[in-house]
Structure formats: structure tokens, C-alpha cells
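Examination of the molecular architecture
Residues per chain, in single letters:
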Amino acid sequence: MIKVMLADDEDLVRSGLRTILTSAGDIEVVAECDDGLHVADLARQHRPHVALLDIRMRSADGLFALRRLRALPEPPKVAMLTTFDVDEYVTEALRIGASGFLLKDTEPAVLVRAVRDLAAGGAVLDPGVAARVLSTVADGERAAEPARRLLASLSEREREVVGLIGQGLSNAEIGSALHLSEATVKGYVSAVLGKIGAVNRVQAALVAYRGGLIA
């Protein structure tokens, strides 16, 4: 079972997330809280594989909680829950070590897949917020040329793959778009990450954005 912790100051949001995740069969919500103060203590107690944190909460926000989690000996993979109102919090969350961003009203199937991907060591970027996240953290022309050089080292197919990663697509969705098997796409993704020095899909998406591969 994949153990998940939820932190959001809206009871209705937590209830909805819990219902979706527990219905998957292989996911268990082991801890919940309504602010960032208790997240690290709950993580020590329940040892979740994945934590979903509201980026903005009363008392102590998701960034405070993320810093505390990252300081643990075995921190869970963390995705920040956000809305379309993406701001400077995103840049800081990436710097601290967030593994992705999800919209609070993301489709149930996308949410479940994201949690599974995170538990497997991956990173997630909700298609509904991908462009806003990338535009918020991009460094303009200062970072454009290095990104273009990295993209130039890729094959045409690899550039297609990283461009679709930048749109927030999963391996299955990329395979459908390019008429490739999911296993083949997984191989391309691994190769792309290695060539451009990205540790996860979010960083790969950022390179694609900075390099002008996606608008």
C-alpha cells in the first residue's frame, strides 16, 4: 500500500482527496492535518511515502511544512496543492525540493496516477497548471541559452518527448500522442533526464520552457 499524508486547511478539500485516494485500492491515507505545524511530527509517526501539501495554509504554510519534511532522514515525496493563482511560492517550493504541483480540483484519475508516480520516485506537474508554474520559475534570457544548448543535444524524438513532459503529460499520454508504447516512452524519458541533467520531470519541463520548446 502507498501511504499518503494530507495537509490542507479546508476540511472539504481533505475529504475529497481522501475519498478519491482510498477508492484506488492501493493507496491509504495515514495522516491528515489542517496546518503546516504538525506535518513533520505526523510524518515521523506514520512514515508516509507521499505528502500532499496545500501551498497556502493558515498558521504555518506548505513551505514551512516542506522545509520540515525535507530535513527528515527519510522524507516523503511531496507535491504541492495549488490553484491557478501561482506565485512566488512556487519558486521557493521547487528550491526546497517539491517533487511536483497538483491542482486541488484535478481529475480523480490524474490524482491517483500522480500519487503512484510520486511513490515510485517520480515527479508530477498537473497539465492544468504546468504553463503557469513554468512561467513563474523561468529566469528569462539569463537561462535561455544554456537550456537551448541542452535541448540541442537531444534527438528530434527526444525533443518531442520533453516538450510533452513540459505540457504535463504522463508517459501513457505521451505514448498516445507519439504512437509509441509506454515502455518506449519511459526509455526516452530516462534518456532525456540523463542528457539534460534533470533529476525529475519538473526540472525537464523547466528546461523545455526556458529553451523555447514550449510556450
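Here the structure is a predicted model, which means the values were calculated and not measured.

Definitions and limits used
Residues numbered from 1 in each chain as written. Predicted model: local features only at pLDDT ≥ 70, side-chain atom pairs only at ≥ 80, totals over all residues. Heavy atoms only, no water. UniProt positions renumbered as here; feature names shortened; annotations may be inferred. Helix = DSSP H or I, 4+ residues; strand = E, 2+ residues; numbered from the N terminus. Contact = heavy atoms within 4.5 Å. Salt bridge = Lys/Arg side-chain N within 4 Å of Asp/Glu carboxyl O. Buried < 20%, exposed > 50% of the residue type's maximum accessible area, 1.4 Å probe, protein only. Pairing = 2+ DSSP bridges. Axes fitted to C-alpha atoms, helices over the stretch in contact; angles between N-to-C directions.

So, about the UniProt feature "modified residue: 4-aspartylphosphate" (unreviewed entry) in the chain. Look at the UniProt record and you will see "modified residue: 4-aspartylphosphate" (unreviewed entry) annotated at Asp54. Mapped onto the elements of the fold, Asp54 is located in strand β3 (residues 50-54). Setting aside anything within four residues of it in sequence, one finds Asp54 in contact with Ala7, Asp8, Asp9, Asp61, Gly62, Met80, Leu81 and Lys104.

So, about the side chain of Asp9. Considering the arrangement of structural elements, one finds Asp9 in the loop between β1 (2-7) and α1 (11-22). With residues near it in sequence (within four places) discarded, Asp9 still touches Arg14, Asp34, Asp54, Arg56, Met57 and Arg58.

Quick look at the pattern of salt bridges now. Using the criterion set out here, one finds 14 salt bridges in the structure. Between Lys104 and Glu10 there is a salt bridge, and its shortest N-O distance comes to 3.6 Å. Linking Lys104 in the loop between β5 (100-103) and α5 (108-119) with Glu10 in the loop between β1 and α1, this pair joins segments that are 94 residues apart in sequence. Looking at Glu10, the relative accessible area reads 40%, which means it is partly exposed.

A word on the sheet that holds strand β2 (residues 27-33). Overall, parallel pairing links the six strands, which are arranged β2-β1-β3-β4-β5-β6 in an open sheet. With partners counted over all chains shown, the strands left at the sheet margins are β2 and β6 (124-125), one partner each. Sheet analysis places β5 next to β6, joined by two bridges and oriented parallel. Bridge pairing links Gly100 to Val124 in β6. On top of the sheet, α5 reaches β1, β2, β3, β4 (77-82), β5 and β6; it is set at about 125° to β3, its chief contact.

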